Protein chains: 4
Amino acid sequence: MTKKINVAILGASGYTGAELVRLLLPHPYVNLSVLTGDSQAGKEMADIYPHLRFSGLPKLLSLEQVDFTVVDLVFCCLPHGTTQLVIAGLPKHVKVIDLSADFRLVDPEAYAKWYGHAHQAVELQKEAVYGLTELARPQVKNARLVANPGCYPTSASMPLAPLLKARAIDATGIIIDAKSGITGAGRSAKQATLFSEVNDGISAYGIASHRHAPEIEQTLADASGEQLTVTFTPHLMPMNRGILSTIYVGLAGKNTVADLRAILEKAYHDEPFVHVLPEGVMPSTHQVRGTNDCVMNVFADRAKGRAIIVSVIDNLVKGASGQAVQNMNVMYGWPETTGLQLTAIFP
Amino acid sequence: MTKKINVAILGASGYTGAELVRLLLPHPYVNLSVLTGDSQAGKEMADIYPHLRFSGLPKLLSLEQVDFTVVDLVFCCLPHGTTQLVIAGLPKHVKVIDLSADFRLVDPEAYAKWYGHAHQAVELQKEAVYGLTELARPQVKNARLVANPGCYPTSASMPLAPLLKARAIDATGIIIDAKSGITGAGRSAKQATLFSEVNDGISAYGIASHRHAPEIEQTLADASGEQLTVTFTPHLMPMNRGILSTIYVGLAGKNTVADLRAILEKAYHDEPFVHVLPEGVMPSTHQVRGTNDCVMNVFADRAKGRAIIVSVIDNLVKGASGQAVQNMNVMYGWPETTGLQLTAIFP
Amino acid sequence: MTKKINVAILGASGYTGAELVRLLLPHPYVNLSVLTGDSQAGKEMADIYPHLRFSGLPKLLSLEQVDFTVVDLVFCCLPHGTTQLVIAGLPKHVKVIDLSADFRLVDPEAYAKWYGHAHQAVELQKEAVYGLTELARPQVKNARLVANPGCYPTSASMPLAPLLKARAIDATGIIIDAKSGITGAGRSAKQATLFSEVNDGISAYGIASHRHAPEIEQTLADASGEQLTVTFTPHLMPMNRGILSTIYVGLAGKNTVADLRAILEKAYHDEPFVHVLPEGVMPSTHQVRGTNDCVMNVFADRAKGRAIIVSVIDNLVKGASGQAVQNMNVMYGWPETTGLQLTAIFP
Amino acid sequence: MTKKINVAILGASGYTGAELVRLLLPHPYVNLSVLTGDSQAGKEMADIYPHLRFSGLPKLLSLEQVDFTVVDLVFCCLPHGTTQLVIAGLPKHVKVIDLSADFRLVDPEAYAKWYGHAHQAVELQKEAVYGLTELARPQVKNARLVANPGCYPTSASMPLAPLLKARAIDATGIIIDAKSGITGAGRSAKQATLFSEVNDGISAYGIASHRHAPEIEQTLADASGEQLTVTFTPHLMPMNRGILSTIYVGLAGKNTVADLRAILEKAYHDEPFVHVLPEGVMPSTHQVRGTNDCVMNVFADRAKGRAIIVSVIDNLVKGASGQAVQNMNVMYGWPETTGLQLTAIFP
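These numbers come from a predicted model, not from an experiment.

A.B. asks: Please explain the overall build of chain A as it appears in this structure.
C.D. replies: When helices and strands are counted, chain A shows eleven helices and 14 strands. The C-alpha radius of gyration of chain A comes to 20 Å, within 12% of the 20 Å expected for a compact globule of 347 residues. Summarising its shape, the C-alpha atoms of chain A cover approximately 60 × 45 × 45 Å along the three principal directions. Per-residue burial over chain A gives 65% buried out of 347 residues.

Take a look at the structure:
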């Protein structure tokens, strides 16, 4: 019988923290021992998330109140910037899966450029593994500190990395047009994400300036073996969960859309969470709501030598908390689907 | 080790059928052996519900193609009227949980009045047990044919039945103002439930004429021991899942709101799916999305001697397929929460 | 030719302020001379409301920057509490239509009880006219200070006041179950009205404690000639605009539903903004989106001697800014529909 | 004083027909004389669109019942295919603005290829003018038959045509990623556009096969003077009205994003309905809801030599019925904004 580990969720009062609770509650190898939420310390989780009305959940603590000597693994859901300081201060026996952006960019100069200040835990950065699980399983297995990928990068890199690795598509000129649900903006009160501001409309944001662009480029450069620049446009639309990325690529050499499909099918044939749909079937975010799945398909473009890829995930699951649990399963050698065998909620 | 039973879902192409598939896939004691969908016979479930992309699901059959000799239990998700004929034709060794309205009304005359034609399986009607599980557990346990309750009746009767049984509220003058998500209207193409017709607005429908009214009255008459008439107004609003019933009642005798709360807390203290919230906390359909839970609370009215009860369920789960699975668990003596230990999807 | 008046909107940065701009821009007798927004002073309206990209709109000022000597009429969209001080400080030649709650309750003790502090402009209160236009046209015509009604009270009092005046329904036991869009909660950033918190669900709030209850009771007491207590439950649901009130009443004496219909049809026969629908037709908030209309209907209840009334308005128009413009038209003797001949936006 | 013309709306029971009614009711030069709706003939408009509860609207007729001798202009909102036969049968004194796709493609072979059957009114096709008003005002002025543009083509061609005409962007490699509200799919009952199927999610459709692609290409070929192929991907998302097109282009020669902005600002400087936003400001469909406006902006891409254009319209107004009214105004020499001076409904 597998021994349970003691898990802490730092920053449990945000959406990714609450989603981790949902996923970990039935996980057979996890004790949810510690939940922190500085501004909510002392409260029950049910006070701030009435849908989590379970006996047995510990009260929210402040960070200082945590006794990390009895914690085996930390999920860190804190804001970027402060995250690196918190993690640097943890005892070294604690494994860490960080859902912030702090350890995603390998190059500290890239971090400084995109986040506006020098990285304050550069040594830790060297140790961190970028945890897009399917692409980095061996490294994740041996990691102490996993940088859990961003939601947009997950949706875009999953189909693009195998195609670039196989040199089936051009590394230049990749265009990613992504549409996201509103939970990606978090639970903090902001005018821009009020219901009345968002409902019944759509807008682009962060055009050519979103911090997920360098994260995508880092993964794709690894896959293709060359530096590249992607065009990335995120949009905010009225749905709770989900990202749909429509990706425009050039076919390299004599590759066809059928070749692209074959490459993706082979790459993900044995992956439990990645599904390449049959020819002509459209991915939809409805198909992955509440699950850790990434569903994708490839389509011929009318423009010669070009293809269109559509990829969908649930931004809170495969795009955040679900992939974090997946990474934990890999780190501990448990079946990777433990706690993640979920059927989409539809409608 | 418990032996698995073979289960058939008749009418698997509707929303309640698809929801049964979601709930039964991980159920440890169930083989999903047969799925029927007459107009879709020959198709894979994934063709009509892309989110159900699982290996192992059988193809959709027409009703005539089913070999019922190897089926242990049938979930019947067919339209009312035809349902009674189909069920009358099943072999007697097959247990049946019927999600239609056909066997809910005990009185065939009431059926004829509200459904516009004589009941065509009156003998079966006598055998049927109305399966609001918490109120009829012993009868469900021994039933061969369970009439699974309607969604509105479930949301309203759960809080009202114990209060009437305790004579804590007046049997006359009960008003139920219910707000439902759109899945309650099913998956058939209808102009009235198009996105553009429903989005960003609300309307009442079926005022004083909805067929769930006599179903509610039957349950409440049983509880109170006297005939009664309820005022019931359903509303259609832009959400997928959920029913919130706001119920206005008179306090009987010297009963107080605190008495009502105490009665409900006692009635449901050991029930895994029913939650009476702490004083002052508001139920919301968000709290039960995707779960088999019924969450309720009682509030003092400013009008003297009156109380306001709010009750929420997910209409597709506790209001349909989840309660059906719960009834199956009772019928077979399995732990009642088997397959139903679900955390709400929020946001 | 009618001379134009100079109008100021105090607090133009909120939703009711922006809606006044939408309605007043094409108004033939109005110069939009002054817009204030303290925290936004110095900005263009287009900076905070990109849909108001019109030349000719003045910049936002702080309150102190306004020269009221050239202002004829003020629409006051400030928070309650501070409103009474601001209005008390205005020169007496300025007419005022106040959209806050500050001058709605005639009784200063009721104000103190419901708003938690003594009224600070009691003398002005005596002068204020409660401006539910159809019920108080002569008083509004001669008023200098109009207290514009709240959104819920407008939707509820419009059908109830004529029925109570005619003694056709019981003054006791009136139950108002109201469902509102989210704009009623304003544009301030609050966690509770974030898209992800509100979308795809419904909840009740302020049960038996909402400040619009005494406002409704004041109007209905006027109509019926006796003190009364209403049961009022507001709900928050995912739509931008709209209130639907479902109202449960007892028929007084030998009155029938047909009598109620006849009373309402007679009361509102010549009213351009009030529509009693034909028998059996359901009001829906979709029917009034963007308009100053109140649409209503009466239905027989199955419970003997009772009726159900459904009434819908757009909370930002008839429930706020539209009724304010209507009151202005009355105060100046202009045709009452000036600027308000709007067709609903559907879908 | 301008004499009013008699207008007929053929196919008034669909969304574009109802929107024409909304826009034409206050139009000072139009009598709404005839409304047809074959399957609804004999009904009042208010029976099928309760928000159009106006006296004075004529009953719905069947097509055969119409006396066209007294009709000056027809708005044709019939399905494609049948439209060409109906229009061919109209008396020649009747001006026609056709909202279907039947007369949009100049080349009958292109029509046959994309619509699956030979065009049956080829002579009329020669006479038809493609009515993207701002690009074809002189031709529209003298036309008897105007082919009103599709919604997607309007949103895409408005920014692209002037840029191609100025040779500021590459004619090859244009990518249009468009997101549409659900009203674009019409009012017919279809499973795919039910609320429960659409709500809280997004999907692409018609990838590389949507019929609006050749329509866009025709306009852009005219502007650039060369044949071209565009990449066009439409998406369906949960909103009623609106199209947002995100367009990816290569800068031609030494052109900069500033040059593109200057070209668009010059092209649309005097246009009442087209707005180029200030640098950095994001277009949103919220900004145009209910209006005839097209709002656009240009952004630098991080990929060298490339730009990103975002353009928004209301698909039912500038994308259909509003542009039809605009074309009518041009045909009759009335001020082009007559009946179209609308402020967006926000929120």
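A.B. asks: Looking at this structure, how should I read the interface of chain B and chain C?
C.D. replies: By a frequent convention, interface size equals the accessible area lost on bringing the separate parts together. Taken residue by residue, the interface counts 49 residues in chain B and 49 residues in chain C. Taken together, the two surfaces of chain B and chain C that pack against each other cover about 3,900 Å², and 60% of this comes from carbon and sulfur. A salt bridge links D177 of chain C to K179 of chain B; its shortest N-O distance comes to 3.0 Å. At the surface where chain B touches chain C, the tally comes to 26 residue pairs in polar contact (both at pLDDT 80 or more). At the level of secondary structure, the elements contributing two or more residues to the side of chain B that touches chain C comprise β8 (175-180), α8 (195-198), β9 (203-204), α9 (212-224), β10 (231-236), β11 (243-250), β13 (294-300) and β14 (306-313) of chain B. With four residues, the single largest contributor to the side of chain B that touches chain C is β8 of chain B. Here the side of chain B that touches chain C is composed, by residue class, of 25 nonpolar, 14 polar and ten charged.

A.B. asks: What should I look at first to understand the pairing of strand β2 (residues 30-36) of chain A in this one?
C.D. replies: Residues in a regular strand project their side chains so that they alternate between the two faces of the sheet. All names here are of chain A. Taken across its seven residues, β2 has five buried, putting it largely inside the fold. Alignment of strand β1 (residues 5-10) against β2, held across five bridges, turns out to be parallel. What sits directly across from A8, in β2, is V34.

A.B. asks: I would appreciate a short explanation of helix α1 (residues 15-24) of chain D in the present structure.
C.D. replies: Along an α-helix, residues three or four apart share an orientation, since each turn contains 3.6 residues. Most of α1 of chain D sits out of view: nine of its ten residues are buried. Check the buried side of α1 of chain D and you find it contacts α8 of chain B together with β1 (5-10), β2 (30-36), α2 (45-48), β4 (73-76) and α11 (317-332) of chain D.

A.B. asks: Whenever I open this one, the relation of the copies chain A and chain D confuses me. Can you help?
C.D. replies: Relative to chain D, chain A is turned by 180° and slid 0.0 Å along the rotation axis, the superposed coordinates differing by an RMSD of 0.0 Å. Expressed as an axis order, the relation between the two copies is that of a two-fold axis. Considering only C-alpha atoms, the part of chain A nearest the rotation axis is P238 of chain A, at 3.4 Å. A share of 100% of the interface residues of chain A reappears at the interface of chain D, consistent with the copies meeting face to face through the same patch.

A.B. asks: Please clarify how the interface of chain A and chain D should be interpreted in this entry.
C.D. replies: Opposite the 49 residues of chain A that make contact, chain D presents 49 residues. Area buried by chain A at its contact with chain D is led by D200, I202 and R302 of chain A, which between them contribute 20% of it. On inspection of chain A and its partner chain D, the count reaches six salt bridges. One salt bridge connects D200 of chain A with R289 of chain D, and the closest N-O pair in it is separated by 3.0 Å. Remark: the boundary between chain A and chain D carries 26 residue pairs in polar contact (both at pLDDT 80 or more). Examining the composition of the side of chain A that touches chain D, we find that four residues originate from one element, strand β8 (residues 175-180) of chain A, more than from any other.

A.B. asks: Just to check I follow, could you spell out the side chain of T193 of chain C for this structure?
C.D. replies: Here T193 of chain C lies in the loop between β8 (175-180) and α8 (195-198). Judged by relative accessible area, T193 of chain C falls into the buried class, the value being 6%. Setting aside residues up to four positions removed in sequence, T193 of chain C forms contacts with L194 and F195 of chain A together with I182, A185, S188, V198 and L236 of chain C.

About the criteria used
- Residues numbered from 1 in each chain as written.
- Chains lettered and ligands numbered in written order.
- Predicted model: local features only at pLDDT ≥ 70, side-chain atom pairs only at ≥ 80, totals over all residues.
- Heavy atoms only, no water.
- Helix = DSSP H or I, 4+ residues; strand = E, 2+ residues; numbered from the N terminus.
- Rg over C-alpha atoms; globule rule 2.2 N^0.38 Å.
- Buried < 20%, exposed > 50% of the residue type's maximum accessible area, 1.4 Å probe, protein only.
- Contact = heavy atoms within 4.5 Å.
- Buried area = accessible area lost by both parts, 1.4 Å probe.
- Salt bridge = Lys/Arg side-chain N within 4 Å of Asp/Glu carboxyl O.
- Polar contact = N/O pair within 3.5 Å; in protein donor to acceptor, adjacent residues only side chain to side chain.
- Nonpolar A, V, L, I, M, F, W, Y, C, P; charged D, E, K, R; others polar.
- Pairing = 2+ DSSP bridges.
- Least-squares fit on C-alpha atoms with pLDDT ≥ 70 in both.

The analysis is restricted to geometry; functional conclusions fall outside its scope.
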